[in-house]
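Working through the structure, step by step
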Amino acid sequence: MFSDEDRSQLISLGLSAVRQFPLIDSTNSEALRWLEHGAPDLALVIADAQSAGRGRQGRSWFTPPQAALAFSLVLSAAGMPAAADLAGFPTWLGRCTALGALAVCQTLREDYRLPAEIKWPNDVLLAGRKTAGVLAEACWQGDQLMGIVVGIGVNVTAASVPADEQVIFPATCVEAALGRQVNRFELLRAILARLLHWKKQLAEPAFLQAWEEQLAWRGKWVNILSEGQVIRTGQLLGLDEDGQLRLRDAQGKIFSITVGELRLRPAEETTL
Ligand code: BTN
């Protein structure tokens, strides 16, 4: 757990409030509960361990004690650009997911000199294995958006890495890639600094460009999977202006895919 001094360092980055827990069900759940009761913009929930951490599409997320980072940042509706500026809520939610992935990826690349990449839409890979995941969830009251919670889980030590047979994509951790111990607080602080930096630029072309530059498998042929089946194959070109993945099929036709039940594999590695 982090000290009072650590907590004031986080506040000085620009966070509005910090709640930390030795163990919680899920930092996303706690942040959503807090949002319902008026959490301020840029409030942070962090936990040493989670008993019911969750990932995308109903999957669970493993967070044992003292081994990982698990935290959720509140982006309240009051602190967001008008949704219309971003062509609607789905685009905005996708950008919030990318915000988390970009912050982790850039931190690993620039501060730790690791060749991290973003596996669209929400994973950060090291050596082709998943090291971090992002789950952005919205809080609504009726038809009014209260805010979005950006939840980030980073595997730091080997104890946080689930076994290959427990996951749909092989995992690794920062310490394995780096070959040395990592101070979890320093990693957290660096990720949060980038989150806060890019949050101000979410609607800017620079954000899309930075996100696109870190995409895994650019220029490569990939299979798009849905429920374990390959539904399309294409050459990964980058992102369109809505943050959807842009590909070219074998006939040269350009197409985009949206966030959903899709998964990517390099074409040569796909097993059916
Ligand atoms: C995924 O890869 O499917 C997303 C994983 C997101 C995990 C983080 S850990 C902190 C926050 N709390 C949760 O319950 N989930 C996110």
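Here the structure is a predicted model, which is why all the values come from computation and not from measurement. (Residues numbered from 1 in each chain as written. Predicted model: local features only at pLDDT ≥ 70, side-chain atom pairs only at ≥ 80, totals over all residues. Heavy atoms only, no water.)

Once that is clear, we can look at the confidence of the model for the protein chain. Mean pLDDT for the protein chain: 90, with 93% of residues reaching 70 or above. Ranking the elements of the protein chain by mean pLDDT puts strand E12 (residues 262-266) last, at 58, and strand E2 (residues 43-50) first, at 98. (pLDDT = per-residue confidence, 0-100. Helix = DSSP H or I, 4+ residues; strand = E, 2+ residues; numbered from the N terminus.)

On to the packing of aromatic side chains. Inspection of the entire model under this criterion finds 3 aromatic pairs. A centroid spacing of 5.9 Å and a plane angle of 50 degrees characterise the contact between Phe-207 and Trp-211, whose relative ring orientation is tilted. Placement of the pair is Phe-207 and Trp-211 together in helix H6 (residues 205-213), with a separation of 4 residues, close to one helical turn. Of the two residues examined, Phe-207 and Trp-211, each falls in the buried class. Three or more aromatic residues link up through ring pairs in this structure, and these residues are Trp-198, Phe-207 and Trp-211. Over the aromatic face of Trp-34 sits the side chain of Arg-19, whose NZ or CZ is 3.9 Å from the ring centroid. A cation sits over an aromatic face here: Lys-119 above Phe-169, 4.8 Å from the ring centre. (Phe/Tyr/Trp six-rings, centres within 6.5 Å; stacked < 30°, edge-to-face > 60°. Buried < 20%, exposed > 50% of the residue type's maximum accessible area, 1.4 Å probe, protein only. Lys NZ or Arg CZ within 6 Å of the ring centre and 35° of its normal.)

The next thing to look at is the nonpolar core. When a protein is soluble and globular, its nonpolar side chains tend to lie buried together. Phe-71, Leu-108, Val-154 and Leu-187 are the most contacted members of the largest nonpolar core, which has 66 residues in total. Of all the elements, helix H3 (residues 89-110) adds the most residues to this core, at 10 residues. Ala-17, Leu-32, Leu-35 and Cys-139 belong to the second largest nonpolar core, which has 11 residues in total. (Core = buried A, V, L, I, M, F, W, Y, C linked by side-chain atoms within 4.5 Å.)

Let us look at the pattern of salt bridges. On inspection of all chains with the given rule, the structure shows 11 salt bridges. The partner of Glu-30 in a salt bridge is Arg-19, and the shortest N-O contact between them spans 3.3 Å. Within this pair, whereas Glu-30 is found in helix H2 (residues 27-36), its partner Arg-19 is found in strand E1 (residues 17-24), the two being separated by 11 residues in sequence. The structure contains a network of salt bridges with shared partners spanning Arg-19, Asp-25, Glu-30 and Arg-33. (Salt bridge = Lys/Arg side-chain N within 4 Å of Asp/Glu carboxyl O.)

Turning to its location among the elements, Ser-72 is positioned in strand E3 (residues 68-76). At a separation of 2.6 Å, a polar atom in the side chain of Ser-72 contacts the side chain of Asn-28. If we skip the residues at most four places from it in the chain, Ser-72 touches Thr-27, Asn-28, Ala-31, Ala-43, Leu-44, Val-45, Val-149, Val-150 and Gly-151. (Polar contact = N/O pair within 3.5 Å; in protein donor to acceptor, adjacent residues only side chain to side chain. Contact = heavy atoms within 4.5 Å.)

Bridge count for strand E8 (residues 221-226) against strand E9 (residues 229-239) is 6 bridges, and the pairing is antiparallel. Note on E9: the bridge partner recorded for Ile-224 is Arg-232. As paired strands, E9 and strand E10 (residues 245-248) are joined by 4 bridges and run antiparallel to one another. The partner of Leu-236 across the bridge, within E10, is Leu-247. Turn length for the E9-E10 hairpin, with the two strands adjacent in sequence and antiparallel, is 5 residues, and the turn residue Gly-243 shows positive phi of about 85 degrees. (Pairing = 2+ DSSP bridges.)

The next subject is the environment of Ser-160. Within the secondary structure layout, Ser-160 lies in the loop between strand E7 (144-155) and helix H4 (174-178). Residues in contact with Ser-160, not counting those within four places in the same chain, are Phe-62, Pro-64, Ala-67, Ala-68, Asn-155 and Cys-173. Side-chain polar atoms of Ser-160 contact the backbone nitrogen of Val-156, separated by 3.3 Å.

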